[in-house]
Amino acid sequence: QGQQLIKSPTLYYLKISDLYRQEKYIEADRLAEEAIKKHPYNTDLYYWQAKSIFSNIDDYIDRDLNLRLIIELYDKAISLDPDYFAFYFWRGSAKLWLGDYSGAIEDLEKSMLLKSFYKGDTDSFSKEEENIYVIKGLAHFESANYSDAISDLNRAFDLGFKYLENPLSYEKEKIYVRQLLSKSFMYEGDYSNALKNINKDIISNPENIES
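Residues numbered from 1 in each chain as written. Predicted model: local features only at pLDDT ≥ 70, side-chain atom pairs only at ≥ 80, totals over all residues. Heavy atoms only, no water.

## Observations concerning the environment of Tyr46
Okay, so step 1: Of note, Tyr46 is situated in helix 4 (residues 43-55).
Okay, so step 2: For Tyr46, a relative accessible area of 7% translates into the label buried.
Okay, so step 3: Between the C-alpha atom of Tyr46 and that of Ile70, which follows or precedes it by 24 residues, the distance is 8.9 Å.
Okay, so step 4: Apart from the residues within four sequence positions on either side, Tyr46 is in contact with Ile36, Pro40, Leu73, Lys76, Ala77 and Leu80. (Helix = DSSP H or I, 4+ residues; strand = E, 2+ residues; numbered from the N terminus. Buried < 20%, exposed > 50% of the residue type's maximum accessible area, 1.4 Å probe, protein only. Contact = heavy atoms within 4.5 Å.)

Next comes the structure, spelled out in structure tokens:
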């Protein structure tokens, strides 16, 4: 069994995920790249390499180049497993940050559709559903589709959204999602709801000067 483990992608997967949890993202990225050369049909390896690059994106000189690499990795993962919703969510997130808003929305809608098949009596993917709505809402906001942004962001908050579990969630330059919801209402001319939401953001994020 030990020999089989060494020859399989499982050992790589365990090592990469361990490096990732230690926040050694560059090492995890390099090991995943090595593993993919040996096991090009294992989608987990593409996922972990892309995730490692995501988590360290601001430390790369050419951010956009690495976002394109992430998209290519998920392109490959999707070609191998076209029915897994998370691949579309992550690729859509990369497209959002790259400025491809229509591409992001298309991927996120596909992700939501596929995710519906994972529902059960206890939906273990509820957090992912919140995140999909948030990312889609951000893509609509950046596209100036404010009514769609309001719909998606409201839905995320209805589901209990508090923070985005995504390496590109502006953790290093924090984004206030409730503030964007308020701005969307403001741009739509609904000042009452804009004020209601911006007051909620001030309560939950008193350090947010812009709110």
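Picking up where we left off.
## Things to note about a nonpolar patch on the surface
Okay, so step 1: Where nonpolar side chains cluster on the molecular surface, the patch consists of Met186, Tyr187 and Tyr191 and spans about 350 Å² of accessible area.
Okay, so step 2: If you trace the backbone, Tyr187 turns up in helix 10 (residues 177-187). (Patch = residues over 30% accessible without salt bridge, like charges linked within 9 Å, V, L, I, M, F, W, Y side chains within 5 Å. Areas by Shrake-Rupley, 256 points an atom, 1.4 Å probe, with all protein chains shown as cover. Salt bridge = Lys/Arg side-chain N within 4 Å of Asp/Glu carboxyl O.)

## Focus: the pattern of salt bridges
Okay, so step 1: Enumeration according to the criterion identifies seven salt bridges in this entry.
Okay, so step 2: Between Arg91 and Asp107 there is a salt bridge, and its shortest N-O distance comes to 2.7 Å. Here the residue Arg91 occupies a position in helix 6 (residues 85-98), and Asp107 occupies one in helix 7 (residues 101-115), the gap between them amounting to 16 residues.
Okay, so step 3: Owing to a relative accessible area of 4%, Asp107 belongs among the buried residues under this scheme.
Okay, so step 4: The network of salt bridges with common partners includes Asp75, Arg91, Lys95 and Asp107.

## Regarding helix 10
Okay, so step 1: Of all 11 residues making up helix 10, eight are buried, and the element is well covered by its neighbours.
Okay, so step 2: Turning to helix 10, its buried residues are Val177, Arg178, Gln179, Leu180, Leu181, Ser182, Ser184 and Phe185.
Okay, so step 3: Backbone geometry just downstream of helix 10 places Gly189 in the positive-phi region, at approximately 85°.

## A short note on unusual backbone geometry
Okay, so step 1: In this structure, Glu23 is a non-glycine residue whose phi angle is positive, near 65°.
Okay, so step 2: Counting through the fold element by element, Glu23 comes out in the loop between helix 2 (9-21) and helix 3 (25-38).
Okay, so step 3: Glu23 sits in the exposed class, given a relative accessible area of 58%.
Okay, so step 4: Within the chain, Ala144 stands out as a residue other than glycine whose phi angle is a positive 65°.
Okay, so step 5: Along the polypeptide, Ala144 turns up in the loop between helix 8 (126-142) and helix 9 (146-158).

## A word on the environment of Glu106
Okay, so step 1: Assignment of secondary structure puts Glu106 in helix 7.
Okay, so step 2: Overall, the relative accessible area of 58% leaves Glu106 in the exposed class.
Okay, so step 3: Put simply, Glu106 and Lys136 are 30 residues apart on the chain and 9.1 Å apart in space, counted from C-alpha to C-alpha.

These figures come from the coordinates and say nothing about function on their own.
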